Amino acid sequence: MSKKLERFLKPLFKTAVILSLVLTLAFSHANDALAARSGGRIGGGSFRMPSSRTYTPRTNMPSSGGYYAPYGGGFGFPFLLPLWGFGGGFGGLFGILIFFAMANFLVQTFRRVTSGETEEVSYSSNPSVSVTRLQVGLLAQARDLQPELNRIAETADTNSPAGRSEVLQEASLALLRHPEYWVYAGGGTQQAKLNSAESQFNRLSLAERSKFSEETLSNVNNQLKAVLSQEALAGEDNPTRLISEGPGEYIIVTLLAATLGKCEIPAINNADDLRQALRQIGSLGGEQLLAIEILWTPQAEGDTLTSDDLFAEYPDLKLV
């Protein structure tokens with residue numbers, strides 16, 4: 001090999017070696033930063049609307065072939081006959097009783113109409129649904145939060161509307177009790193029709209769940225599952241590992257709720273906005289809620305969520 005060619009290739013070789021080292025370090029750091037962590041999950045609900053309930057009067061047909069008044073104070077066609085001169089005319093005790101029954105029916109009907117009550121409950125076949133996501137980033141010093149979320153997951157009834165409402169309320173309260181540790185927050189509400197709201201809700205849920213390497217504790221539709229994370233297993237094999245790493249820097253909690261009608265949380269720019277949003281989402285009643293999910297990370301003891309993890313996985317969060 002000529003000296004001229006050697007002088008030309010030598011700098012290229014050095015550049016290639018340096019570049020490979022830089023890329024190796026960069027990608028290894030990125031993998032560490034983007035590594036998902038253990039997560040907890042509480043969820044349940046359904047996007048199927050209740051079927052329409054129609055009140056059907058009960059009628060009795062005696063053996064003689066006559067007709068009785070429908071159940072509930074209504075009146076049938078034969079009752080009109082005595083009042084209008086048919087079937088024996090209007091008179092006597094029987095006619096008076098019929099008159100009072102008709103008057104009572106008309107009064108009760110008027111009251112129901114004026115009070116907004118009806119005997120037929122119907123639902124729009126494709127009503128509007130609000131899909132809300134609220135995320136809170138706290139300093140890891142809020143150590144009571146993770147055990148409280150674990151307790152909610154282990155005891156929650158996620159199969160009933162009242163139970164799901166209670167879960168959302170308890171999770172919101174757990175966050176409201178730690179305002180001194182609030183650092184980041186974000187979220188918003190998207191409007192959708194019922195036939196597309198479920199896919200929208202699932203997209204938001206999957207986006208958050210994909211940030212976990214594994215769900216180490218979950219209660220979805222009353223199916224409770226708990227596993228020991230790989231980080232915790234590694235810590236058991238090497239007890240000094242947890243001590244050397246220390247506690248995680250942040251805790252991220254995500255609240256997802258799909259509700260009937262319009263329910264929009266405020267834009268979150270400061271702690272007051274976050275407090276208002278938590279109170280609003282925590283006060284949703286079971287009759288409004290179609291589905292909920294509570295997700296948080298880290299969940300496993302000894303797991304960490306560093307600032308690199310937070311900036312890489314949750315770039316849309318704002319300082320509060």
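None of the values given here were measured: they were computed from a predicted structure.

**Q** Residue-level account of the overall build of the chain, with values.
**A** Broken down by element type, the chain carries 10 helices and 10 strands. Relative to its 320 residues, the chain shows a buried fraction of 37%. Within the chain, contacts between residues at least 6 apart in sequence are counted, and of these 84% link residues at least 24 apart. For the chain, the exposed surface amounts to about 18,500 Å²; the carbon and sulfur share of it is 58%.

**Q** Could you give me a rundown of the sheet that holds strand 1 (residues 37–45), with the residues and numbers involved?
**A** Strand pairing in a sheet is mediated by backbone hydrogen bonds. Such pairs are either parallel or antiparallel. Read from one edge to the other, the open sheet built from 8 strands follows the order 7-6-1-9-8-4-5-10, with strand pairing classed as mixed. Looking along the sheet, the strands with just one partner apiece sit at the ends: strand 7 (223–226) and strand 10 (318–319). Along the sheet, helix 4 (residues 145–155) contacts strand 1, strand 4 (128–139), strand 6 (212–220), strand 7, strand 8 (250–260) and strand 9 (289–297); its crossing angle with strand 8, the most-contacted strand, is approximately 40°. Sheet contacts for helix 6 (residues 194–209): strand 1, strand 4, strand 5 (182–193), strand 6, strand 8 and strand 9; angle to strand 4, the most-contacted strand, approximately 15°.

**Q** An account of the packing of helix 5 (residues 161–176) against helix 9 (residues 271–282) is needed here, citing residue identities and associated values.
**A** The geometry of helix 5 relative to helix 9 is characterised by a closest axis approach of 8 Å and an angle of 160° between their N-to-C directions. The angle between helix 5 and helix 9 places the two elements in the roughly antiparallel class. Relative to helix 9, the crossing made by helix 5 is left-handed. Taking contact as the criterion, the partners of Leu 168, Gln 169, Ser 172, Leu 175 and Leu 176 in helix 5 are, on helix 9, Arg 275, Leu 278, Arg 279, Ile 281 and Gly 282. Split by residue class, the contact of helix 5 with helix 9 holds 5 nonpolar, 3 polar and 2 charged.

**Q** Run through a nonpolar patch on the surface, naming residues and quoting values.
**A** A cluster of nonpolar side chains, namely Ile 96, Phe 99 and Phe 100, defines an oily patch on the protein surface of about 320 Å² accessible area. One can find Ile 96 in helix 3 (residues 92–114).

**Q** Tell me about helix 6, and name the residues and values.
**A** Taking 1.5 Å per residue, 16 residues should reach 22 Å; helix 6 reaches 23 Å between its end C-alpha atoms and fits that length. All of the buried residues in helix 6 are Leu 194, Ala 197, Gln 200, Phe 201, Leu 204, Ser 205 and Glu 208. Projected down its long axis, helix 6 shows its buried positions confined to an angular sector of 135°, all on one face. In this structure, helix 6 carries Asn 195 and Leu 206 as exposed residues pointing more than 90 degrees from its buried face. Residues of helix 6 that are buried in the fold lie against strand 4, strand 5, strand 6, strand 8 and strand 9.

**Q** Give a detailed account of the pattern of salt bridges, specifying residues and quantitative values.
**A** The tally for this structure, following the rule as stated, stands at 8 salt bridges. With its nearest N and O atoms 2.7 Å apart, the salt bridge here joins Glu 293 to Arg 41. Taken together, the positions of Glu 293 in strand 9 and Arg 41 in strand 1 put the pair 252 residues apart, joining distant regions of the chain. Comparing Glu 293 with Arg 41, the two get one shared label, buried. Among the charged side chains, a salt-bridge network with shared partners connects Arg 133, Glu 208, Lys 211 and Asp 316.

**Q** I'd love a proper account of the packing of aromatic side chains, names of residues and values included.
**A** Aromatic ring pairs are reported here in terms of the distance separating the ring centres and the angle at which the planes meet. As enumerated under the stated definition, the model contains 3 aromatic pairs in all. Where Tyr 184 meets Phe 311, the ring centres are 6.3 Å apart and the plane angle is 90°; that geometry is what we call edge-to-face. Here Tyr 184, found in strand 5, pairs with Phe 311, found in helix 10 (residues 307–313); they are 127 residues apart in sequence, far enough to count as distant. Its relative accessible area of 10% is what places Tyr 184 among the buried residues. When its relative accessible area of 48% is taken as the criterion, Phe 311 is described as partly exposed. Taken together, the ring pairs connect Tyr 184, Tyr 250 and Phe 311 into an aromatic cluster.

How each quantity is defined
- Residues numbered from 1 in each chain as written.
- Predicted model: local features only at pLDDT ≥ 70, side-chain atom pairs only at ≥ 80, totals over all residues.
- Heavy atoms only, no water.
- Helix = DSSP H or I, 4+ residues; strand = E, 2+ residues; numbered from the N terminus.
- Buried < 20%, exposed > 50% of the residue type's maximum accessible area, 1.4 Å probe, protein only.
- Contact = heavy atoms within 4.5 Å.
- Areas by Shrake-Rupley, 256 points an atom, 1.4 Å probe, with all protein chains shown as cover.
- Pairing = 2+ DSSP bridges.
- Axes fitted to C-alpha atoms, helices over the stretch in contact; angles between N-to-C directions.
- Parallel < 35°, antiparallel > 145°, perpendicular 65-115°, else oblique.
- Left-handed = near helix turned anticlockwise from the far one by under 90°.
- Nonpolar A, V, L, I, M, F, W, Y, C, P; charged D, E, K, R; others polar.
- Patch = residues over 30% accessible without salt bridge, like charges linked within 9 Å, V, L, I, M, F, W, Y side chains within 5 Å.
- Salt bridge = Lys/Arg side-chain N within 4 Å of Asp/Glu carboxyl O.
- Expected span 1.5 Å × (residues − 1).
- Arc of directions from axis to C-beta.
- Phe/Tyr/Trp six-rings, centres within 6.5 Å; stacked < 30°, edge-to-face > 60°.

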